[in-house]
Each structure stands twice: as C-alpha cells, then as structure tokens.
Amino acid sequence: MIGLLTRHFRPGFAPALKLALTDTDPSVRTQAATAVATIEGGFLARAQVLHRKVRERPKSFKRREQLARHYDDYAFTGLLDPERERDNRIRALESYQEALKVRPRDPGLWLAIGRLLVRERRYDAAASWFTVAEARGLLSADMVLWNLEALFKLGRYDKVRETFAQHGDL
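Residues numbered from 1 in each chain as written. Predicted model: local features only at pLDDT ≥ 70, side-chain atom pairs only at ≥ 80, totals over all residues. Heavy atoms only, no water.

K.L.:
Looking at this structure, how should I read the packing of helix α3 (residues 26–56) against helix α4 (residues 61–75)?
P.N.:
Packed helices, taken two at a time, are described by their axes: the angle between them and the distance between them. At a minimum axis separation of 9 Å, α3 and α4 run at an interaxial angle of 160°. In terms of orientation, α3 lies roughly antiparallel with respect to α4. Taken as a pair, α3 and α4 cross one another with a handedness that is left-handed. The segment α3 lies against α4, with E40, F43, L44, R46, A47, L50, H51, K53, V54 and E56 engaging R63, R64, Q66, L67, H70, Y71, D73 and Y74. (Axes fitted to C-alpha atoms, helices over the stretch in contact; angles between N-to-C directions. Helix = DSSP H or I, 4+ residues; strand = E, 2+ residues; numbered from the N terminus. Parallel < 35°, antiparallel > 145°, perpendicular 65-115°, else oblique. Left-handed = near helix turned anticlockwise from the far one by under 90°. Contact = heavy atoms within 4.5 Å.)

K.L.:
Whenever I open this one, helix α2 (residues 14–21) confuses me. Can you help?
P.N.:
Residues spaced three or four apart along an α-helix point in a common direction, a consequence of the helix completing one turn every 3.6 residues. Among all positions of α2, only A14, L17 and A20 are buried. Along α2, the residues classed as buried sweep out an arc of 125° about the axis, all on the same side. Exposed and facing more than 90 degrees away from the buried side of α2 are P15 and L19. Among the structural elements, α1 (2–7) and α3 are those in contact with the buried residues of α2. (Buried < 20%, exposed > 50% of the residue type's maximum accessible area, 1.4 Å probe, protein only. Arc of directions from axis to C-beta.)

K.L.:
Got a minute to help me understand the packing of aromatic side chains in this structure?
P.N.:
Working definition: an aromatic ring pair is given by the centre-to-centre distance plus the angle between the planes. Considering all chains together, one arrives at three aromatic pairs under this definition. For the pair F43 and Y74, a centre-to-centre distance of 4.7 Å together with 20° between the ring planes defines the contact as stacked. Of the two residues, F43 is situated in helix α3 and Y74 in helix α4; the sequence distance between them amounts to 31 residues. Under the relative-accessibility criterion, F43 is labelled buried at 18%. Note that R103 overlies the ring of F61, its terminal NZ or CZ placed 3.8 Å from the centroid. The ring of F76 has R119 lying over it, and the distance from NZ or CZ to the ring centre is 4.2 Å. (Phe/Tyr/Trp six-rings, centres within 6.5 Å; stacked < 30°, edge-to-face > 60°. Lys NZ or Arg CZ within 6 Å of the ring centre and 35° of its normal.)

Structure, rendered in structure tokens:
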C-alpha cells in the first residue's frame, strides 16, 4: 500500500502516510519514512531541473509558470512541517510574480498570487490584489471566493456583502 501511495502520490494521500509514520509496527514506520523521503527527493530533484530550465530561457513563460506551480504543489503536499510549507509558499509566490512579468494579464497567475497571499494571511494585500484584478478585467469566480475569504478575515463584512451582491453570478 505504501509503495502505491509513493508511486502515485497526491496530497490527498498525505494523511495515510502520516498515519503510517506513527504505526506501532516499526517496519511500517520505516517504509512510510522511506516513502516520504522518496517523495520529497523527487520534488527537490524536479525543482533543480526546473530552475536550470528557467536559467536557460529566462523569458519563457511556460518554464517560469511550471517552476511556480511546482513550489505551489510542493507546499501543499501535506507532508511538510509548517516552516518548510511556508518557505515553499513564498518560493511559489515569488515564482508566480516572475512569471507575471512575462505575461502580466494571465488570470491564472493573478488567482495563484492572490490565493497564496490569503494562505500567507496577508489579507490586506490579497484584497488589494483582487481589487486590481477586477479593475483590469481579470476577475474570475475563484478570485471572488478567495477575495471573500480575505475580506471576511479582515472583518470587512460590509465589503463581503457588497462583493456578493456585485459578483453573485460568479
């Protein structure tokens, strides 16, 4: 089972691996630890490859976006401790911002940056970010949801109601 989780890893499998790390059977704990190390090693090796590819073609949107998404995915594997998770969120945020320089009107990047700002608890920055996205005509349903979360966390309930009224169709 642990081998299958490792070969086909998705963040939804993290709780099972974490449970296996605390199993009473030492062989299960060893297999789980090996699985986590293998998964993390794969992410790190892929990050090195992606960094090299970005250095080779720094103006490539595709390569910059792949690097950002990789860090984003790694941050949310469910396997990292809070500090390493945050480090990877910050790397993802920085990488998305670099990709945005190449393609400034990409709504997917605007969403990813805003979402990471919310996850970083930078609610003021996130709410401002989504306001700018709306002004530029880039607002999507997902952006509205993340913006609502930021506004709610800020206690700006009047703005939450206003946003619902204005973008309820999304």
